[in-house]
Amino acid sequence: MRILLFTGKGGVGKSTVAAGTAALAAAAGHRTLVLSTDAAHSLGDAFGVELGAEATEVAERLFVQQVDAQLRFEQSWAEVQGYLMSVLDVAGVDPVAAEELTVVPGAEEVLALLELRLHALSGEWDVIVVDCAPTAETLRLLALPEALGWYMQRIFPTQQRVVRALRPVLSRAAGVPMPGGSVFEAVERLHAELGEVHALLSGPEASVRIVLTPEHVVLAEARRSHTSLSLFGYRVDGVVANRVFPAGGADEWRARWVAAQDDVLGEVAQSFAGLPLWRSEYRPTEPVGVAALTEVAAGLYDGADPLAVPTGDGPFRVTRDTGGAVLHLALPNVERADVDLVRHHDELVVTVGSYRRLLTLPAGLARLRVAGARVEDGELRVRFREPSGDRTGGRAGATAGQER
């Protein structure tokens, strides 16, 4: 099964590109599902049909779904929400306000990913295309499974033991209900499901495509997206430049736009060197419906296989050398001053700008000490060596760009 995620700054046309790619895949004989994690659903508008909570067949082998976030929320979060509302009730919070306060920010996007997991496990599809939320929201939700995993492994077990031991005392003393076993089970279930989503989307059959328009502000965000997606282990396998003005027969006004876009497209090629750059020209009318979307995608890929599986090792790999190993993490468009790296026990804490990843080290690296780190050729390289006489050396921090 092939999974393609499309993301980009709001308004660049990623829904059109995602829908067109799905339509082209279905036309080639693949049973294809396209769904949206964007709360502002526009897939129905792109296909020109009314969509419901279940997958709707809009053409032969082509199905579209706008996830019913409320239904999935009730299935995955009802136990936790019920407990939180009981606490707020004791505090005197209005029931309507309490219900609003217990809705997790970004819940719709996260629950849409859980729907993706169910479809992937069903074995019903050859291709799943995901129309993601705008870039910032996409990055937050893709980082959630790993962050929640850290909490579940280190904090959650202790909380469970403390609550079980103190529940009778705290309930009588404070009058606040303590969470029961079903609440903990709900959180554990959500964590497990999100972990499966992370494994699915960072696997070899999944990749992300960044959609942009040839504008400097949009390109700047696309660069940051590429860096952050790589930081969290997601493979970017191409860039789509959408709404490119055709050069032929341009009047003076359009000729200036063509020249300006050409300059930006040159920067795009440099920023994403080594990745396919697909271009889609501005069209005289808005593409709506399966036929128009298929035509857009056919022109975009221009004979290339839109489902080609990316080659290479992906953004994260480990190589062995004499006396130890080197951890490689792709960080395109990043200078060494932009990266902060600290080792804490069996984890590396990697910070790039406003994004931080807690990277759990493989067992083979966890026993080694950090001997140095640097950013070179678009990737972070951390050198590990066998522990010396001082066993604490492996716990030391390191800043990228400094080797010691």
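Every value quoted in this text rests on a predicted model; they were computed, and no experiment measured them. (Residues numbered from 1 in each chain as written. Predicted model: local features only at pLDDT ≥ 70, side-chain atom pairs only at ≥ 80, totals over all residues. Heavy atoms only, no water.)

Engineer: Can you tell me about the nonpolar core, naming the residues and giving the values?
Structural biologist: Membership of the largest hydrophobic core comes to 85 residues, with the highest contact counts inside it found for Leu212, Leu327, Leu348, Val382 and Phe384. Residue contributions to this core peak at 8 residues, all from helix H1 (residues 14-27). (Core = buried A, V, L, I, M, F, W, Y, C linked by side-chain atoms within 4.5 Å. Buried < 20%, exposed > 50% of the residue type's maximum accessible area, 1.4 Å probe, protein only. Helix = DSSP H or I, 4+ residues; strand = E, 2+ residues; numbered from the N terminus.)

Engineer: Run through the sheet that holds strand E15 (residues 379-385), naming residues and quoting values.
Structural biologist: Spatial ordering of the open sheet is given by E9-E10-E15-E14, a layout of 4 strands whose pairing is antiparallel. Where the open sheet ends on each side, the last strands, each with one partner, are strand E9 (316-321) and strand E14 (369-376). Taking each pair of neighbouring strands and ignoring which way they run, the sheet shows an average axis angle of 20°. Sheet topology places E9 next to strand E10 (residues 324-330); 6 bridges connect them, and they run antiparallel. From the neighbouring strand, Asp321 faces E10, where its bridge partner is Gly324. (Pairing = 2+ DSSP bridges. Axes fitted to C-alpha atoms, helices over the stretch in contact; angles between N-to-C directions.)

Engineer: Go over the packing of helix H9 (residues 216-231) against helix H10 (residues 252-271) with me, naming the residues and quoting the values.
Structural biologist: Running from amino to carboxyl end, H9 crosses H10 at an angle of 5°, the nearest separation of the two axes being 10 Å. As the angle between them shows, H9 and H10 are arranged roughly parallel. Where H9 approaches H10, its residues His216, Leu219 and Arg223 are matched on the opposing element by Val264, Glu267, Val268 and Ser271. Partitioned by chemical class, the residues of the contact of H9 with H10 number 3 nonpolar, 2 polar and 2 charged. (Parallel < 35°, antiparallel > 145°, perpendicular 65-115°, else oblique. Contact = heavy atoms within 4.5 Å. Nonpolar A, V, L, I, M, F, W, Y, C, P; charged D, E, K, R; others polar.)

Engineer: Explain the packing of H1 against helix H11 (residues 290-301) to me, and be specific about the residues and the numbers.
Structural biologist: With their axes 7 Å apart at the nearest point, H1 and H11 run at an angle of 90° to one another. Between H1 and H11, the interaxial angle falls into the category roughly perpendicular. In this structure, H1 uses Thr16, Val17, Ala19, Gly20, Thr21, Ala23 and Leu24 to contact H11, whose residues at the interface are Val290, Leu293, Thr294, Ala297, Ala298, Leu300 and Tyr301. Among the residues making up the contact of H1 with H11, the classes are represented as 10 nonpolar, 4 polar and no charged.

Engineer: Residues and numbers for the sheet that holds strand E12 (residues 347-352), please.
Structural biologist: Spatially, 3 strands are ordered E11-E12-E13 in an open sheet, and the strand pairing comes out antiparallel. Of all strands in the sheet, those bounded by a partner on one side alone are strand E11 (339-344) and strand E13 (355-360). Adjacent strand axes in the sheet meet at a mean angle of 15°, parallel and antiparallel pairs treated alike. The pairing of E11 with E12 spans 6 bridges and is classified as antiparallel. Each residue of the ladder has a partner; that of Leu341, found in E12, is Val350.

Engineer: Could you give an account of the packing of aromatic side chains, naming the residues involved and the relevant values?
Structural biologist: Within this structure, the stated rule accounts for 7 aromatic pairs. Ring centres of Phe232 and Tyr355 lie 6.3 Å apart, and the angle between their planes is 85°; this geometry places the pair in the edge-to-face category. Of the two residues, Phe232 sits in the loop between H9 and strand E7 (236-244) while Tyr355 sits in strand E13, which places them 123 residues apart along the sequence. Overall, Phe232 belongs to the buried group, its relative accessible area being 6%. (Phe/Tyr/Trp six-rings, centres within 6.5 Å; stacked < 30°, edge-to-face > 60°.)

Engineer: Any details on H1? Residues and values, ideally.
Structural biologist: If you check H1, its first and last C-alpha atoms are 20 Å apart, about what 14 residues at 1.5 Å a residue would give, namely 20 Å. Along H1, 12 of the 14 residues are buried, which leaves the element largely enclosed by surrounding structure. Taken together, the buried positions of H1 are occupied by Lys14, Ser15, Val17, Ala18, Ala19, Gly20, Thr21, Ala22, Ala23, Leu24, Ala25 and Ala26. Positioned one or two residues after H1, Gly29 has a phi angle of 105°, which is positive. (Expected span 1.5 Å × (residues − 1).)

Engineer: Outline the environment of Leu194, supporting the account with residue identities and numerical values.
Structural biologist: Topologically, Leu194 is positioned in helix H8 (residues 181-201). According to the relative accessible area criterion, Leu194 is buried, its value standing at 1%. Taking the C-alpha atoms as reference points, Leu194 and Leu113, 81 residues apart in sequence, are found 8.0 Å from one another.

Engineer: Requested: an account of the side chain of Ser15, with residues and values cited.
Structural biologist: Structurally, the position occupied by Ser15 is in helix H1. We classify Ser15 as buried; its relative accessible area is 10%. At 2.6 Å, the side chain of Ser15 forms a polar contact with the side chain of Asp131. Once you skip the residues sitting within four places of it in the chain, Ser15 turns out to touch Ser42, Leu43 and Asp131. (Polar contact = N/O pair within 3.5 Å; in protein donor to acceptor, adjacent residues only side chain to side chain.)

Engineer: How would you summarise H10 if you had to cite specific residues and measurements?
Structural biologist: Spanning 20 residues, H10 covers 29 Å between terminal C-alpha atoms, matching the ideal 28 Å at 1.5 Å per step. Those residues of H10 that fall on the buried side of the exposure criterion are Arg254, Val258, Gln261, Val264, Leu265, Val268 and Ser271. One side of H10 holds all its buried residues, which, seen down the axis, span an arc of 140°. Facing away from the buried side of H10 by more than 90 degrees, the exposed set consists of Glu252, Asp263 and Gln270. (Arc of directions from axis to C-beta.)

Engineer: Let's hear about the confidence of the model for the protein chain: which residues, and what values?
Structural biologist: Considering every residue of the protein chain, the mean pLDDT works out to 80; 72% of them sit at 70 or more. When pLDDT is averaged over each helix and strand of the protein chain, the minimum, 48, is found for helix H7 (residues 156-174) and the maximum, 96, for H1. In this model, residues 169-174 is a region of pLDDT below 50 whose contacts with residues beyond four sequence positions or in other chains number 5 contacts. Note on residues 390-399: pLDDT under 50 across the span, and 26 contacts to partners over four residues away in sequence or across chains. (pLDDT = per-residue confidence, 0-100.)

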